[in-house]
Each structure stands twice: as C-alpha cells, then as structure tokens.
2 protein chains.
Amino acid sequence: MKPLSGRVTSLDVAALAGVSQSAVSRAFTEGSSISEAKRKAILDAALKLNYVPNSIASSLTTRRTNMVAVILGNLDNPFYVQVLKALITRLQARGVQILTFTVKNGSNSDDALMRVLRYQVDGIILTSAQLSTRMTGICHDRGIPIVLFNRYIPGSSASGVRCDNAAGGRLMAEALLGAGARSFALLKGDPNGTTSQDRQRGFTDCLLERGIPPADILELEGQSTYDGGHAATLRAFLDERHPIPDAIFGINDIMAMGAMDALRGEMGVKIPADLMVGGFDNIDEADRWPYRLTTVRQPVDEMTEEALNLLDLDNPGAAIQPGIDIKVPGRIVWRSTIPRPVDL
Amino acid sequence: MKPLSGRVTSLDVAALAGVSQSAVSRAFTEGSSISEAKRKAILDAALKLNYVPNSIASSLTTRRTNMVAVILGNLDNPFYVQVLKALITRLQARGVQILTFTVKNGSNSDDALMRVLRYQVDGIILTSAQLSTRMTGICHDRGIPIVLFNRYIPGSSASGVRCDNAAGGRLMAEALLGAGARSFALLKGDPNGTTSQDRQRGFTDCLLERGIPPADILELEGQSTYDGGHAATLRAFLDERHPIPDAIFGINDIMAMGAMDALRGEMGVKIPADLMVGGFDNIDEADRWPYRLTTVRQPVDEMTEEALNLLDLDNPGAAIQPGIDIKVPGRIVWRSTIPRPVDL
C-alpha cells in the first residue's frame, strides 16, 4: 500500500514557497489567476517536496474530473487512428485527460459506458458501436454529455457530428458514372453502422436514378477492414466467378485498398484501365504510391472541433442540448484510380 | 452542476434488492465473492434506480483507482497502434481503465507523468519519449510502477521489456550480406531513442566485422515516419546524387515502406533486382501486396504480456523491482524484398 500518513500536503508546499494554501491550489489549476513568478516558485517548491496535487480528491468537491472518455470501435481502420490522434491533440492541449475504451464494431457500448460512469467523466465521445436510449438517458440524467462521432442513432437524444455520408456516396457514384462505369460492386462495412448504410444508400440511390439496373450493382461484405475487403474481392471474382464490373466502391478506403491488392496481386487486373476503384475517408495511406486512390475526403479536423464544441466542457453547468445532428460535407479527392472527366 | 443531493446511494440499491450494503459493494467489485444470482438481483436494482458506484470516491479509501496510464509517442507508426491495441485488449479484459497520453518522439515525458500522477494511477506504461531519473524516483516513492515498453533508459531504475534490437539489427545485416549486398544505406529514426540506436549499432557492427568499409554505409535521417523515410530517400538519391547502394535497411517498417515507394514511384528502381530493402517490426502493412517486406518481427503479444507482468497489478503492496530489463528475441520474416539464400 502507498503510505497514508507522512505524505506532503499543499500546506507544506505553501510554507516552503512562502505563500497561502489557496495560492498553491491556484498554481495547479489551469486558467486560474496567479502571477507567472508566483506559480513558478510554487511549482519549484512542489518539485523539491515531491508534492503532486490529488485531482481525484478535489473532483469530489468540484464534481469535475477533467477526464473525457473516448469509446473507439475498430482501430484496424486507420481513419479511427487519425480521429484518435486529433482528439488526443485537442484534448491534451486543454489539459483534459482521455480515458480510452474499445468496443467491437456493431456491438453495444452500454457496458463500456457503465464502466466509464464509475469514473465520473465530464463527457463521452463515441466513435463506434451501438448505444441504447436507456444508457443515453442515464448519462444525461447525470449531466454527462455524449457526443456521437461520425454516426447517429435514430431516435436517440445524444448529439453528434458526422460527414454527410449519403451525399458523399452520391459524389462517388457521379464520379464513376462520369468516367463511364456502368456496372458496379460495392464493399459494405458494419451492417449495423449508419455510416456504412448511408454511404451505400447515397451511392445506390444515385445509380438507380441514373438508370443502372439493380442487377448491375453487386454487394459484397467487406467487414470494414483491409483483410475483409481483400477476401471479399477474391471470393466474388475468383471463387464465385462473378464478372469483373467496371468499378468497385469501397465504403471506406482501407477496404478499397484491400480490394486493389487482391485485384492486382492475385488476378493481374489493371487499375483503372480494367476496373476503377473509389474509396471514402481519405486516410493518409490512400495517397501513397501503390494506391493513389480517388476518394471522398472526411474533414477530420473540422469534425473533431465540432465534436468538442458539442461536449461544451467549458460550461459544465449548462443543460445538455439533445439531438443536435451536425453534418459536414465531404468532397472528392481526385487521384489515379478513376479517370478524371475533362473539364469542359 | 450535477446534483449533490438526492442522488441514489448503495443503501437504496440494497433496500430494493433486499440485501446488505456490503453485498452491493461486492457486486460491483471484480473477483469478489458473491453468488451470480445475488449479483444479478443487485445489478437489476441498480439499473432500475440509475445507480452507478463511484470508483473515484472509493479510490480514496482503497488508494487504487484501477487506472493505468499509457504514454505513447508516435501514433503515425502503425507498430505503436498495434501495441496500443494489444494493451487495451489485455487491460480491458482485466477491468482496468486506460488513461492515454501522447508525447512527441524524443521529448521528455516528465510533464505528462506529472499530470498522470494527479490521477493516482496504479501504474504507467511508457512506449516512447525520455524520462528523467528524478521523475522515476517520484513515481516509485509513491508506489507507482513504471514499465518501459521497447526502450530502456541507461541508469534508470524503471523496469522494461524490449525486443533485442541490437541482435535484430545483426540478423538483418546477415540477411543482406547473405543475399550478396556489399553497399548499404540505413534509415535512422529518433536519434534519442535507444530502440533506433540499438538496431543501428547491431546492423553496423555486424557489417564492419564482416569487412564492409564505413564509407559504404550511408546514414539517412528518416524521422521514424513514412513521410520521413520517403523524403530522406529522395533527397539522398535524387538531389544529392549518392549512388544507389545494394541495400537499404529501414530501422522500422514504415520508413522502409516510404523508401520503397520513393524508389519505385519516383525513380523506377526495381526491388529487389536493383536494390534490396529490409525493415524492422513486422507491422501488418509490411505483408501487403505492394510491399511484401522482409523484416525483423517483434513479438508484440509476448512483449505486452511481459509488460503487464512487470506492472504486477495484482500485488499493489509489493515492493517495486527496479531495473529489470527483459529482452525478447526478434526473428527474420522472409518475404520478397531480399532474395532468400538457398537452404544448402
């Protein structure tokens, strides 16, 4: 056990630095009013005495822990690593600590939230998984805002920010149609995720409106991963002998990359000469030489900023605004996997 | 502010479930002695009343928060994403929460540790950055073990686990020499990191011992990233017109991948016909069709397991064992970027 007695307190630090106990407290509170010279003298005294303030104890009176929980799904998708990096950067800069959880794609995150609540976090960002209405209610009753990142839950009172996924799916359909594609395959992700569903719906609706018969839109289950996209492509075109379509749309970049490697590496297909490929997300990897993938960019920085605005950490007393649904538009990033229409 | 009064307590839950208050406490403690039926009745009552136990408050008496801090460097390197995933999986399975911090490569992590200490974590895993002897002392004095992951700090009393990086560098030198390489380039990473230094030293020592003149070992600064490896390769062989060597060793896979894309994409170099490439880490991406990189595998699962053994979370009262340095051997994974010697 750590020693309970004999531990240095803020009184000892105050005595050594020749200041009041409340000055010691202010020196350790972000944004509080204290001169830089006084703060430095206090931090020096604290270091000499090995004193560290106890945020856990003080949270019992302030009822703020300065911790935010980030609940992540699939870290195999580099897009969510990029989101995690962006959230960490912004939260750390504000002096906020991050409790990280992962939950399997498509599974319910109620258990993770129950664990998070025991730590009295100031807010929750959910980048994946399902969430019950009941659990949202429990969090909101306790004054803890939940922000959904790149998803929404129909009927939920949780607010969120997402890319306009349906419109992005339409952009990709237009790009492929414009390049002359008339038969398609679609690599789907998590069947319970609204992100995947919306992209698929926007893409398919646009194709159907433009007269493509449903029989010419082949749906494949890519499980949102590189390996899933790779395996689904081989299964469809090597094992099941479906004819190679004019174009494949990966609901996310990492599945599109898996499909590209399967097509070129195992089947000698030339991209885009034999078949065009489109993605969604614009992860860093999509820009690398072996891929140069034409994709729909999600504006991660703008989305993380909106997510933190919704969390509203600066106004802990404010009522939680339920059901706000912010949609940020995506845009096509043209590279080498879809011939770009000549600008007339 | 969250309401201070009128909040449901464990007494209310005990009354509704018809059990004692201590039974409620046991129901919410991992591994405590309580029948499954009783636990279920208590959890049902808690859900009905929206009751969540306060781990923060109970940590003041137990002096255990059940939180571990993971301090990460560069999440741009997929190897450390893989490590984070492995740590999250193992810690979550034990009911331990993870506080995540990132620190710039090569910078000092004392500030991050000061922040971590205020949350009274039960242990700290450091996968990057420097650490002062003073800060190690502060943590150990407070009974908080620090485990260094894939690095060591000379003279530090912190324990750690790492791949035998010097021996891995030697393995790669032997592989390239065996395939006939006689001139070399080396993509270095973080100059302050022992990981990069050890791999470089093992590699270079082996080459010198085997009669390669120092002038035939070109050192390039790749900054441990894809972009850094890509740019350093272009700078050396396009701008500065160094002759293309027989082989390049990327101190990590992600730099080797950047070099491969620069060589093939911008300079039309054929791999391995014109030049061989070796990596280190064996990240998932190294196995993909565009790369098929021959590399030194780091056994991440074995290393994370050893790291958690060193943390020894089950024995909070135990004295911290200082200065344990566990080295796990790496091994060559043969793929396409180095011709494999015929097994005679």
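Here is what the cut-offs are and how they apply
- Residues numbered from 1 in each chain as written.
- Chains lettered and ligands numbered in written order.
- Predicted model: local features only at pLDDT ≥ 70, side-chain atom pairs only at ≥ 80, totals over all residues.
- Heavy atoms only, no water.
- Least-squares fit on C-alpha atoms with pLDDT ≥ 70 in both.
- Contact = heavy atoms within 4.5 Å.
- Salt bridge = Lys/Arg side-chain N within 4 Å of Asp/Glu carboxyl O.
- Helix = DSSP H or I, 4+ residues; strand = E, 2+ residues; numbered from the N terminus.
- Buried < 20%, exposed > 50% of the residue type's maximum accessible area, 1.4 Å probe, protein only.

Asks: Before we go on, may I ask you to explain the relation of the copies chain A and chain B in this structure?
Replies: Both copies of the chain are related by one operation, a rotation about an axis with a shift along it. When chain A is brought onto chain B, the operation consists of a screw motion whose angular component is 180° and whose axial shift is 0.0 Å, with 0.1 Å RMSD remaining. On this basis, the relationship between the two copies can be described by a two-fold rotation axis. The C-alpha atom lying nearest the rotation axis in chain A is that of A:Leu99; the distance is 2.3 Å. Both copies present the same face, since 100% of the interface residues in chain A are matched by interface residues at the equivalent positions in chain B.

Asks: In this structure, what is going on with the pattern of salt bridges? I would like to understand it.
Replies: Close approach of charged atoms allows side chains of opposite charge to pair. Considering all chains together, one arrives at 34 salt bridges over all chains under this definition. In this structure, the salt-bridge partner of A:Asp261 is A:Arg264, at a minimum N-O distance of 2.8 Å. Within this pair, A:Asp261 and its partner A:Arg264 are both found in helix H11 (residues 253–267), separated by three residues, close to a single helical turn. When sorted by exposure, A:Asp261 lands in the same class as A:Arg264, which is buried. Residue B:Glu305 pairs with B:Arg90 through a salt bridge whose shortest N-O separation is 3.6 Å. Placement of B:Glu305 in helix H12 (residues 300–311) and of B:Arg90 in helix H5 (residues 78–93) is noted, with a sequence separation of 215 residues between them. A residue is classified by how much of its surface remains accessible, and B:Arg90, at 26% relative accessible area, is partly exposed. Here the salt bridges do not stand alone but share partners, grouping A:Arg162, A:Asp198, A:Arg201 and A:Asp325 into one network.

Asks: Honestly, helix H7 (residues 133–141) of chain A in this entry has me stumped. Any pointers?
Replies: Residues separated by three or four positions in an α-helix point in the same direction, a consequence of the helix having 3.6 residues per turn. When we look at burial in H7(A), the residues that qualify are A:Met135, A:Thr136, A:Ile138, A:Cys139 and A:His140. The elements touched by buried residues of H7(A) are helix H6 (110–117), strand S3 (123–126) and strand S4 (146–149) of chain A together with helix H3 (36–48) of chain B. One or two positions beyond H7(A), positive phi appears at A:Gly143, with a value near 80°.

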